[in-house]
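Here is how the chains run, residue by residue.
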Amino acid sequence: MYKYLLLISASAVPGAAYAQTASEQALEEIIAAQDEANEAGDQQATVGSYRSSAPAEAIITVTANGLGTDLRNTGQSVTVIGREEIETIQGADPARALARVPGLSLSRSGGVGTVTSVNVRGANPDQLLVLVDGVRVADQASPSGGFDFGNLLLGTAGKIDVLRGSNSTIWGSEAVGGVIDISTRAERGMTASVEYGSRDTLFASAAAGAGNDNAFIGLTGSWFETDGFSAAASGTEADGSKQFAIGSSAFLNLTPSLELFAHGNFAEGDVEIDGFPAPDFVLADTDDTQKTTRYWGDVGLAYYGNDLTLRAAYSLSDTKRANRDGSGAETFASDGRSDRISLRGEYRLLGGLSLAFGGDHEWTEFETSFDTAAETEISGAYAQLGWVMGRLAVHGGARVDDHEQFGTHVSFGGDVSYGFGDDWRVRGSVGEGFKAPTLYQLLSFYGNTELEPEESTSYDLGVEKGQRGSGLHLALTGFRRDSDNLIGFGVTPERPSGVYLNTARARAQGIEAEAGFDLAPGLRLAGIYSYVDAEDRTTDLDLARRPKHFGTIYGDWISDFGLGLGADLRLVGASWDNASNTVRLEGYELLDVRASFGLGDNLELFGRVENVFDTDYQTVAGYGTAGRSVFGGIRAKM
């Protein structure tokens, strides 16, 4: 029924203007005033300022310090992909958008909707903190506690904010490889789109919102359905999937300086999966299915004073999974939940000096078909000093966390950014990360209550000109991350059936390069390249499913009569599928092309061809991938 509701919504003719909270509006006003002062030659220090000889539109990130900040005022490596770019890329699959982020490699066990893992600079997928509207959405019942990007659709996403590098100083547990925050769409007016294509794939999304600078309420939803293809590369039976997602956001200015805000999201997906049936117990066609139901959200208050900003919230996230065999009998079920209270703030002390601070307490619980319900708690607090003067920005801070099982952990971090010349800047950061053992690793049948947190220290240093997405943009970054106490599965004389242990060490180092050029009016060419050398320091072998070389070249041309053309070329080198480095995954190249045509101000036709050359490749050994695929659709605005 969900899809028909969305199709009815798509028949309307909507138009969108993005809603701003009071904080976003205030930040834009400050930055605009700073740029005007810069044009006038004013070089005095200003709180949160950035001076540039070529002022550009501010790109706001929340992953760097937990509150909105100008990307040019942090020395950390951050990429922001906005809604306009998401719509240009087209489609429901987040992997196609994330392929434009340096340092990110992906693997998937079948088609859209199946398990999709993201490695940031070679880190394990579960060492990536994933947030939606600032709410942690990892599955607390999964063994490693990571987030499955197969459960995420782009139809409800307004912005993707990606930080690369350890940053537990601000975020606490899980921020080892990096942080990704996805913002739910918040648009005034209405917009909707529908597309259909290969393998009877239907994707529909809609968003609507109403309000002004003092109040806003918005709703967005999407439906995805496909007949799919066999998840097992050797199979012949198609494995389909369905996903429904709905999100809402609202804010109300109670006073000129006090804001009430709330977000709520629900998602449900059904995917057909292949398994390892008897008697051979090798990957093959089965009638197994998995249903995932998630809901998450937050509610809170934000205060914006002359010198003080505060943001307090309660949030929750719940993920339920149920696996069934071909007869419909349940073979496994799990439920993981987290509840969290948090406070973040910033106090502007004097001149360009400011103090960011915060604290949180989180309760997590899980239950599976084979494990009784268990729970734990963790508390944390941090402080970070920042100093901004002219084109120099420096930050340094520390965090203390206390976990019910392993006790206290301390994290440090800092970054620096210095602008020079014609819109150039040099930036660098050092950060520590940690990941608390999951409830499954601590308290399941295979659990070990003596586990210590996984730990990391990361460094990066880069130089950059301009900003991503406009004008001339160049960036080159070198990085290194050392990780210790990594949790693995082993056997001991006392636990012959298996137990989780702190046994592994890893190192990842490499470079990231970015470039973008406006070749002509309406014509832009850009690309990224990453070299990531990720190895197990215990065995000296490469980490599994981490290609050393990968990148994306993409370009778009927009005419003055409504026609748009574009292409993305993804290049991925070879890697190993297993930790023993005995199963090889060959490199591959994927070309996607797309087109759009505007019909007046309110309608747009669009279409694309994915995997133009019908490349046969695998990102997980034994699992199939989509061949050449064709899609077309219509987008409406009002």
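Think of each chain on its own: its residues are numbered from 1, step by step along the sequence as written. Predicted model: local features are reported for residues with pLDDT of at least 70 only, side-chain atom pairs are reported and counted for 80 or more only, and whole-chain, interface and lining totals are derived from all residues. Only hydrogens and water are removed before side-chain values are computed, so all heavy atoms of the structure are retained for them.

1. Here's the deal with the overall build of the chain
Think of it this way: any DSSP run of H or I at least four residues long counts as a helix, any run of E at least two long counts as a strand, and we number them from the N terminus. Scanning the chain for helices and strands turns up 6 helices and 34 strands. Here the C-alpha radius of gyration of the chain, 24 Å, is about what a compact globule of 638 residues would show, namely 26 Å. When its C-alpha atoms are laid out on the principal axes, the chain stretches across 75 × 60 × 45 Å. Long-range contacts, defined here as pairs at least 24 residues apart, represent 61% of the contacts in the chain between residues at least 6 apart. We get accessible surface area from the Shrake-Rupley algorithm with a probe of 1.4 Å; when it comes to residues, only the shown protein chains can shield them. As displayed, the chain has an accessible area near 25,600 Å², and 58% of this comes from carbon and sulfur atoms. If the 49 positive side-chain charges of the chain are averaged to one point and the 88 negative ones to another, these points end up 3 Å apart. Atoms considered for the radius of gyration are the C-alpha atoms alone. The globule rule reads 2.2 Å times the number of residues to the power 0.38. Residues are treated as being in contact if the distance between any of their heavy atoms lies within 4.5 Å. Here Asp and Glu are counted as negative and Lys and Arg as positive; His is not counted, and neither are the chain ends. By convention, the charge on Lys lies at NZ, on Arg at CZ, on Asp at CG and on Glu at CD.

2. What to know about the confidence of the model for the chain
What pLDDT expresses is the predictor's confidence in each residue, scored from 0 to 100. Model confidence for the chain is summarised by a mean pLDDT of 91, while 91% of its residues fall at 70 or above. Throughout residues 1-18 the model reports pLDDT below 50, and contacts reaching past four residues in sequence, or to other chains, amount to 48 contacts. Below a pLDDT of 50 lies the segment residues 20-24, which in the model reaches 12 contacts outside its immediate sequence neighbourhood of four places, other chains included.

3. Quick notes on the pairing of strand β15 (residues 258-275)
Note that strand β14 (residues 239-255) and β15 share 14 bridges and pair antiparallel. The residue of β15 that forms the bridge with Gln-243 is Gly-269. Hairpin connection from β14 to β15: 2 residues lie between these consecutive antiparallel strands. A pair of strands is treated as paired once DSSP finds two or more bridges between them. As paired elements, β15 and strand β16 (residues 284-304) share 17 bridges and run antiparallel to each other. Note that in β16 the partner of Asn-265 across the bridge is Trp-296.

4. Remarks on the packing of aromatic side chains
Pairs of aromatic rings are described using the distance from one ring centre to the other and the angle between the two planes. Note on aromatic pairs: the rings of Phe, Tyr and Trp (six-membered ring only in Trp) are paired at centre separations within 6.5 Å, and the planes decide the class, stacked below 30 degrees, edge-to-face beyond 60, tilted for the rest. The full count for this structure, using the stated rule, is 11 aromatic pairs. Taken together, a centroid distance of 5.0 Å and an interplanar angle of 85° make the contact between Phe-147 and Phe-149 edge-to-face. For Phe-149, a relative accessible area of 3% gives the class buried. Ring centres 6.2 Å apart and planes at 25° place the aromatic pair Phe-216 and Phe-251 in the stacked group. Relative accessible area decides the class of each residue, using a 1.4 Å probe on protein chains only: under 20% of the type maximum gives buried, over 50% gives exposed, and in between gives partly exposed.

5. Remarks on the sheet that holds strand β8 (residues 135-136)
Taken in spatial order, the 5 strands line up as β4-β9-β10-β7-β8 in an open sheet, and their pairing is mixed. Each edge of the sheet is formed by a strand with only one pairing partner; in this case those strands are β4 (77-82) and β8. Alignment of strand β7 (residues 128-132) against β8, held across 2 bridges, turns out to be antiparallel. In the sheet register, Leu-131 faces β8, and the bridge partner there is Arg-136.

6. Some points on the pattern of salt bridges
Whenever a carboxyl oxygen of Asp or Glu lies within 4 Å of a side-chain nitrogen of Lys or Arg, that contact is scored as a salt bridge. The final tally for this structure, using the stated rule, is 43 salt bridges. With its nearest N and O atoms 2.9 Å apart, the salt bridge here joins Glu-362 to Arg-340. Remark: Arg-340 occurs in strand β18 (residues 330-350) and Glu-362 occurs in strand β19 (residues 353-368); sequence separation between them is 22 residues. Several salt bridges converge on common partners, so that one network encompasses Glu-85, Arg-100, Arg-468, Asp-556, Asp-568 and Arg-594.

7. As for the side chain of Arg-100
As for its placement among the helices and strands, Arg-100 is situated in the loop between α4 (94-98) and β5 (104-108). Since its relative accessible area comes to 2%, Arg-100 is described here as buried. Definition of a polar contact: a pair of N or O atoms within 3.5 Å, with one able to donate and the other able to accept a hydrogen when the atoms are protein atoms, and with sequence-neighbouring residues admitted only if both atoms are side-chain atoms. In terms of polar contacts, Arg-100 uses its side chain to reach the side chain of Asp-568, at 3.0 Å. Residues contacting Arg-100, with those up to four places away along its chain left out, are Glu-85, Ile-89, Arg-468, Ile-528, Tyr-554, Asp-556, Asp-568 and Arg-594.

8. Focus on a negative patch on the surface
A grouping of Asp-200, Asp-227, Glu-237, Glu-272 and Asp-287 is seen on the molecular surface, where their side chains present a negatively charged patch. Of note, Asp-227 is situated in strand β13 (residues 215-229). What makes a patch is a set of residues exposed beyond 30% relative accessible area and free of salt bridges, joined within 9 Å when like-charged and within 5 Å when nonpolar (Val, Leu, Ile, Met, Phe, Trp, Tyr).

9. What about a nonpolar patch on the surface?
A cluster of nonpolar residues, Leu-252, Leu-254, Leu-260, Val-299, Leu-301, Tyr-314, Ile-341 and Trp-363, forms a patch on the protein surface that exposes about 650 Å² of accessible area. Put simply, the parts of the chain that give the nonpolar patch at least two residues each are β14 and β16. Within the secondary structure layout, Leu-254 lies in strand β14. Leu-254 sits in the partly exposed class, given a relative accessible area of 46%.

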